[in-house]
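Single-letter residue listing:
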Amino acid sequence: MATTKVYVVYYSLYGHVETMAREIQRGVNSVQGVEATLWQVPETLPERILEKMKAPKKPDDVPEIRPEQLLDADGFIFGFPSRFGVMAAQFKAFFDASSEIWAAQALAGKPAGIFWSTGFHGGGQELSALTAITQLAHHGMIFVPLGYTFGKAMFEMDEVKGGSCYGAGTYAADGSRQPTGLEYQQAFHQGKYIAEITKRLSD
């Protein structure tokens, strides 16, 4: 039986999206016959600027991806921090570099999910997902939202929780807040959920 491949492709400046990506990878890998690979999109900021922003070093165990490498996957889960309600410029630059794949519609019909990080409640928890869907639509990819498949945790009101029916999410606040246990659970669920759908579509 062939292995179904899901690529978890992300950009993370301060590590919040990266930690979510690793939990999503765990969720994908929990589905028999499905394998998740972590990738990060190339950084566009100069090293000197990153130092001034006190951004941590990128992880050594996650390679950078080129747009043409997307062709090898059966499904995707894309993650990024929000910048004024849209995906970070680094991730947009990655999609901008995929014009040859777009011209061939080589990704059409492949399922894709989205996850994200914002600073606060008004930072684009849903808008970031909505504006990112345009990238998937132009490639002909099938957007796979979470819906309310995460059950009663979707209606949590006693604690701050990122994410929505569009996908998993977290809040970074001033950068000091880390994803909570509930946010990690939703990320794991998203990985598992999209892995199951990707496997069905790949059979």
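As a convention, each chain's residues are numbered from 1 in the sequence order in which they are written. Given that the model is predicted, a residue must reach a pLDDT of at least 70 before its local features are reported, and side-chain atom pairs must reach 80 or more before they are shown or counted; all residues, however, enter totals for whole chains, interfaces and linings. Excluded from the side-chain calculations are hydrogens and water; all other atoms, namely the structure's heavy atoms, are used.

### Remarks on the UniProt feature "domain: Flavodoxin-like" (unreviewed entry) in the chain
The UniProt feature table records "domain: Flavodoxin-like" (unreviewed entry) at residues 6-194. Runs of E in the DSSP output that reach at least two residues are strands. Runs of H or I that reach at least four are helices, and both are numbered from the N terminus. When the span residues 6-194 is considered, its composition is 32% helix and 19% strand, and the gap between its end C-alpha atoms is 9 Å. UniProt positions are given in the numbering used here, feature names are shortened, and annotations may be inferred rather than shown by experiment.

### Focus: the environment of Glu100
In this fold, Glu100 is placed in helix α4 (residues 99-104). Between buried and exposed lies partly exposed: a residue is buried under 20% and exposed over 50% of the maximum accessible area for its type, with that area taken using a 1.4 Å probe on protein chains only. The exposure class assigned to Glu100 is exposed, which follows from its relative accessible area of 71%. Separated by 33 residues in sequence, Glu100 and Pro67 place their C-alpha atoms 9.0 Å apart.

### Re the pairing of strand β1 (residues 4-10)
Extensive coverage of β1 is indicated by the burial of six of its seven residues. In short, DSSP must find at least two bridges between two strands for them to pair. Where β1 lies against strand β2 (residues 34-40), seven bridges are found, and the strand directions are parallel. Residue Lys5 lies in a different strand from β2, and its bridge partner there is Glu35. We call a crossover right-handed when, viewed with both strands directed away from the observer, the connection leading from the first strand over the helix to the second proceeds clockwise. What joins β1 to β2 is helix α1 (residues 16-29), and the crossover it makes is right-handed. In terms of strand pairing, β1 meets strand β3 (residues 75-83) through five bridges, oriented parallel. Its bridge partner being in β3, Val6 is matched across the sheet by Gly75.

### Examining the packing of aromatic side chains
Stacked, tilted and edge-to-face are the three classes assigned to paired rings of Phe, Tyr and Trp, where Trp is represented by its six-membered ring and a pair needs centres within 6.5 Å; plane angles under 30 degrees give stacked, over 60 edge-to-face, the rest tilted. Taken as a whole, this structure holds nine aromatic pairs when the rule is applied. Aromatic pair Phe91 and Phe94: ring centres 6.1 Å apart, planes at 70 degrees, arrangement edge-to-face. Of the two residues, Phe91 and Phe94 both sit in helix α3 (residues 89-96), three residues apart, roughly one turn of that helix. On the basis of relative accessibility, which here comes to 4%, the residue Phe94 falls in the buried class. Of the aromatic side chains, those joined through ring pairs into one cluster are Phe76, Phe78, Phe80, Phe91, Phe94 and Phe95.

### Digging into a nonpolar patch on the surface
Like charges within 9 Å and nonpolar side chains (Val, Leu, Ile, Met, Phe, Trp, Tyr) within 5 Å are joined into patches, using only residues over 30% in relative accessible area that form no salt bridge. Here the accessible surface of atoms and residues is derived via Shrake-Rupley with a 1.4 Å probe, and residues count as covered only by protein chains that are part of the display. Salt bridge criterion: a side-chain nitrogen from Lys or Arg within 4 Å of a carboxyl oxygen from Asp or Glu. A cluster of nonpolar side chains, namely Tyr14, Ile49 and Met53, defines an oily patch on the protein surface of about 240 Å² accessible area. Assignment of secondary structure puts Met53 in the loop between α2 (47-52) and β3. Look at Met53 and you get partly exposed, because its relative accessible area is 32%.

### Side note on α1
Given 3.6 residues per helical turn, the α-helix brings residues three or four places apart onto the same face. Here α1 is 14 residues long and its end C-alpha atoms lie 20 Å apart, about the 20 Å a rise of 1.5 Å per residue gives. For α1, the complete set of buried residues consists of His16, Val17, Glu18, Met20, Ala21, Glu23, Ile24, Gln25, Gly27 and Val28. Here a residue-residue contact requires only that any non-hydrogen atoms of the pair lie within 4.5 Å. On its buried face, α1 sits against β1, β2, β3, β5 (111-118), β7 (169-171) and α6 (181-202). By this rule, a helix spans an expected 1.5 Å times one less than how many residues it contains.

### Here's the deal with helix α5 (residues 127-139)
Buried within α5 are the following residues: Ser128, Ala129, Ala132, Gln135, Leu136 and His139. Axial view of α5: buried residues confined to an arc of 105 degrees, hence all on one face. In this structure, α5 carries Ala137 and His138 as exposed residues pointing more than 90 degrees from its buried face. Its buried side turned inward, α5 meets β3, β4 (86-87), α3, α4, β5 and β6 (142-143). Backbone geometry just downstream of α5 places Gly140 in the positive-phi region, at approximately 80 degrees. Read the arc as the range of directions from the helix axis to the C-beta atoms.

### Some details on the nonpolar core
In terms of nonpolar packing, the biggest core is built from 28 residues, with Val9, Ile65, Leu70, Phe76, Phe78, Phe91 and Met141 touching the most fellow members. Every element with two or more residues in this core is listed here: β1, β3, α3, β5 and α5. If we ignore the near neighbours within four places in the chain, the residues touching Phe76 are Val6, Tyr7, Leu70, Leu107, Lys110, Pro111, Ala112, Gly113, Met141 and Ile194. For this analysis, a nonpolar core means a set of buried residues of the types Ala, Val, Leu, Ile, Met, Phe, Trp, Tyr and Cys, connected via side-chain atoms within 4.5 Å. With 21 residues, the next largest nonpolar core counts Ala21, Leu38, Ala195 and Ile197 among its residues.

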